[in-house]
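Here is what each chain is made of, one letter per residue.
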Amino acid sequence: MLDFTFTEEQEMIRESVRDFAQRKIAPIAMEMEKTKQIPEDVIQGMAELGLIAPTVSTKYGGQGFDAVTAGIIAEELSRADPTGSIPVFYLVQASWGHVFNKYGTEEAKQEILPNVTKGKWFLGIATTESDAGSDVLGTRTTIRKEGDHYIVNGEKMYISGVREAYTRGGGHITIAKQFPDRGAKGMTMFYLPLQQKGIIPTYVDDLGREGISTGGFTIDNVSIPKHYLVGEEGKGFYIVHEGYEYARGLIAVICAAAGLKSLERGEKYLKERKAFGLPLAKFEALQFRLAEHYTKLSFLRLGSYWALWTYDREGQKKATRFEVSKAIAMAKMFASEWSTQAIDEVMQWQGAFGYTRECTDQAAWRAIRSFAWAEGSKEIMRVIVARELLGKEYTAYK
Ligand SMILES: Cc1cc2nc3c(=O)[nH]c(=O)nc-3n(C[C@H](O)[C@H](O)[C@H](O)COP(=O)(O)OP(=O)(O)OC[C@H]3O[C@@H](n4cnc5c(N)ncnc54)[C@H](O)[C@@H]3O)c2cc1C
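Residues numbered from 1 in each chain as written. Predicted model: local features only at pLDDT ≥ 70, side-chain atom pairs only at ≥ 80, totals over all residues. Heavy atoms only, no water.

Caption draft 1: Representation of the site of the ligand. Near the ligand, the surroundings consist of 19 residues, among which Thr128, Ser134, Tyr158, Ser377 and Glu379 are the closest. Between Ile125 and the ligand, the recorded distance is 2.8 Å, taken from a backbone N or O atom to a nitrogen atom. Residue Thr127 places a main-chain N or O atom 2.8 Å away from an oxygen atom belonging to the ligand. Against a free-state accessible area of 970 Å², the protein chains account for coverage of 70% of the ligand. When grouped by side-chain class, the residues that make up the shell around the ligand number eight nonpolar, seven polar and four charged. A domain split of the shell around the ligand shows at least three residues from each of domain 2 (123-228) and domain 3 (237-394). (Near = heavy atom within 4 Å. Polar contact = N/O pair within 3.5 Å; in protein donor to acceptor, adjacent residues only side chain to side chain. Areas by Shrake-Rupley, 256 points an atom, 1.4 Å probe, with all protein chains shown as cover. Nonpolar A, V, L, I, M, F, W, Y, C, P; charged D, E, K, R; others polar. Domains from an automatic or database assignment.)

Caption draft 2: Fine view of the pattern of salt bridges. Overall, the coordinates contain 27 salt bridges when judged by the stated rule. The shortest N-O distance in the salt bridge between Arg301 and Glu75 comes to 2.6 Å. In this pair, Arg301 sits in helix α9 (residues 284-315) while Glu75 sits in helix α4 (residues 67-80), placing the two residues 226 residues apart along the sequence. Judged by relative accessible area, which is 25%, Arg301 ranks as partly exposed. With a closest N to O distance of 3.1 Å, Arg140 and Asp131 form a salt bridge. Residue classification places Arg140 among the exposed positions, given a relative accessible area of 61%. Members of the salt-bridge network, linked through shared partners, are Arg14, Arg18, Glu75, Glu76 and Arg301. (Salt bridge = Lys/Arg side-chain N within 4 Å of Asp/Glu carboxyl O. Helix = DSSP H or I, 4+ residues; strand = E, 2+ residues; numbered from the N terminus. Buried < 20%, exposed > 50% of the residue type's maximum accessible area, 1.4 Å probe, protein only.)

Caption draft 3: Region of the structure containing the packing of aromatic side chains. A full pass over the atoms with the stated rule returns eight aromatic pairs. Ring geometry for Phe6 versus Tyr305: centroids 5.0 Å apart, planes at 75°, classification edge-to-face. Here Tyr305 lies in helix α9 and Phe6 lies in the segment before α1 (8-25), a separation of 299 residues in the sequence. Centre to centre, the rings of Phe334 and Trp338 are 4.9 Å apart; their planes meet at 10°, and the pair counts as stacked. (Phe/Tyr/Trp six-rings, centres within 6.5 Å; stacked < 30°, edge-to-face > 60°.)

Caption draft 4: Region of the structure containing the state of the cysteines. Per the stated rule, a full pass over the model turns up zero disulfides. Unpaired in terms of disulfides, Cys255 finds its nearest cysteine sulfur in Cys359, a separation of 18 Å. On the basis of relative accessible area, Cys255 is assigned to the buried category, the value being 0%. By relative accessible area, Cys359 is classed as buried at 0%. (Disulfide = S-S within 2.5 Å.)

Caption draft 5: Geometry of the nonpolar core. Ranked by internal contacts, the top residues of the largest apolar core, which has 111 residues, are Met46, Tyr90 and Trp96. Looking at which element gives the most residues to this core, the answer is helix α8 (residues 236-272), with 18 residues. The next biggest cluster of nonpolar side chains, apart from the first, holds five residues, and it includes Met333, Met381, Ile384 and Val385. (Core = buried A, V, L, I, M, F, W, Y, C linked by side-chain atoms within 4.5 Å.)

Caption draft 6: Highlighting the packing of helix α10 (residues 321-333) against helix α11 (residues 335-349). It is the contact of α10 with α11, at a shortest axis distance of 5 Å, that shows an interaxial angle of 20°. Comparing their axes, α11 and α10 come out roughly parallel. Along the contact surface, α10 presents Ala331, Lys332 and Met333, while α11 presents Ala335, Ser336 and Glu337. Residues that form the contact of α10 with α11 fall into these classes: three nonpolar, one polar and two charged. (Axes fitted to C-alpha atoms, helices over the stretch in contact; angles between N-to-C directions. Parallel < 35°, antiparallel > 145°, perpendicular 65-115°, else oblique. Contact = heavy atoms within 4.5 Å.)

Caption draft 7: The domain arrangement of the protein, seen in detail. The assigned domain composition of the protein is domain 1 (8-122), domain 2 (123-228) and domain 3 (237-394). Every contact between the two is made by 30 residues of domain 1 and, on the other side, 32 residues of domain 3. With both sides pooled, the region where domain 1 packs onto domain 3 buries about 2400 Å², and carbon together with sulfur makes up 64% of that total. Our count for the domain 1 to domain 3 interface comes out at four salt bridges. For Glu33, the salt bridge is made with Arg366, and the minimal N-O distance between the two is 2.5 Å. Where domain 1 touches domain 3, the interface holds 15 residue pairs in polar contact (both at pLDDT 80 or more). For the side of domain 1 that touches domain 3, the secondary structure elements donating two or more residues are α4 and α5 (85-103). By residue number, the principal contributor to the side of domain 1 that touches domain 3 is α5, which donates 12 residues. In terms of residue class, the side of domain 1 that touches domain 3 is made up of 17 nonpolar, seven polar and six charged. (Buried area = accessible area lost by both parts, 1.4 Å probe.)

Caption draft 8: Up close: α4. Spanning 14 residues, α4 covers 20 Å between terminal C-alpha atoms, matching the ideal 20 Å at 1.5 Å per step. α4 sits mainly inside the fold: 14 of its 14 residues count as buried. (Expected span 1.5 Å × (residues − 1).)

Caption draft 9: Looking closely at the packing of α5 against α8. At a minimum axis distance of 9 Å, the contact between α5 and α8 shows a crossing angle of 150°. Relative to α8, the element α5 is oriented roughly antiparallel. Of the two elements, α5 crosses α8, and the hand of that crossing is right-handed. Residues Pro87, Tyr90, Leu91, Ala94, Ser95, Trp96, His98, Val99, Lys102 and Tyr103 of α5 form the contact with α8, whose own contacting residues are Ile239, Val240, Glu242, Gly243, Tyr244, Tyr246, Ala247, Leu250, Ile251 and Ile254. Residue composition of the contact of α5 with α8, by class: 15 nonpolar, three polar and two charged. (Left-handed = near helix turned anticlockwise from the far one by under 90°.)

Below, the structure written as structure tokens:
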């Protein structure tokens with residue numbers, strides 16, 4: 001039997017997140033384009049409501065939410081913040097908080113996760129380097145064991161939340177090569193605090209999501225204790241994909257929500273604006289575009305929740321790893337594309353105003369465009385789905 005409803009508890013969570021997001025985030029969202037940061041009272045408000053890394057178990061200050069419930073929060077935040085800054089702040093910590101909660105050591109979880117869920121520290125993910133993005137095995141950053149410590153050297157680039165972790169506290173779950181001759185089995189993940197000697201941050205001037213930073217950092221002979229390992233040595237390549245999949249599912253929901261919200265603004269404009277003596281909403285050429293985008297994004301929304309539901313079913317041993325990878329990749333494949341196409345259409349309806357920075361939708365377009373790359377590009381989503389359909393032996397490379 002099919003049932004597309006949320007539970008009563010999930011509906012209550014949606015209500016309270018919507019209330020908070022519409023009262024505290026929506027009115028100030030566009031200001032983040034200029035201030036380039038998320039206001040502290042918003043972060044604290046989110047923390048008080050349990051919206052920062054709610055996927056972490058209650059023992060470490062989280063809510064123990066499943067992926068579908070995490071998706072509901074992502075959707076409401078995305079509807080309230082067209083700049084995408086708060087959705088990114090949320091999705092990164094929800095996804096990688098989930099991974100840390102599952103694979104981190106007890107000592108590290110006690111030390112780090114309560115600071116994250118309280119909104120004091122930022123927890124990010126650092127896999128990408130200047131020469132290695134989609135191809136994680138091309139990672140050049142190294143980690144080697146030395147006594148009861150590990151020594152890390154390298155550089156990470158295009159990483160979300162570098163300024164947040166560097167200035168507020170916290171760090172990034174990072175991947176590095178430990179055994180260069182072992183391929184996928186030679187990668188190790190660990191928590192890297194950014195506020196320490198040997199870390200030098202750099203920043204990039206992104207096109208959008210202005211309220212949260214993107215940057216990189218060099219890692220020069222940085223020593224980390226062994227309890228900062230996330231999972232076992234040599235398991236990093238596999239663990240990182242679990243986190244990516246979580247994040248991709250949330251991103252798909254965020255894209256659908258941003259696009260649908262933009263269409264709502266567009267509908268209002270079509271009814272108000274007149275041309276040739278008629279409201280724009282009367283022109284069928286524009287009506288058809290509205291109907292098409294709305295339909296695509298509604299299917300994207302459903303597909304995204306289905307993908308997150310599949311993720312949760314893996315935890316209940318009712319879905320396999322491969323089913324999860326495929327479902328999530330299918331959801332993210334068109335997410336950014338369909339959403340930016342819809343937002344672009346809404347900008348078009350607004351005439352010349354659509355091309356000004358005063359137009360809310362252009363900020364949404366710039367934010368959502370990032371998801372064609374972030375946490376796995378739209379091309380890599382196609383690679384994953386095709387691999388699951390044809391079998392690994394048809395992958396063109398190893
Ligand atoms: C705003 C933003 C925030 C980000 N935040 C983070 C973060 O927090 N942490 C992090 O680790 N990374 C982050 N990233 C990096 C992101 O994960 C990478 O951009 C992504 O994985 C692609 O890697 P790349 O940019 O090196 O492109 P490349 O891997 O060099 O790819 C270049 C192009 O070739 C395509 N391509 C590559 N291989 C194939 C193939 N086999 N078949 C077909 N096409 C292919 C890609 O899809 C892409 O279009 C962020 C990126 C952005 C834009």
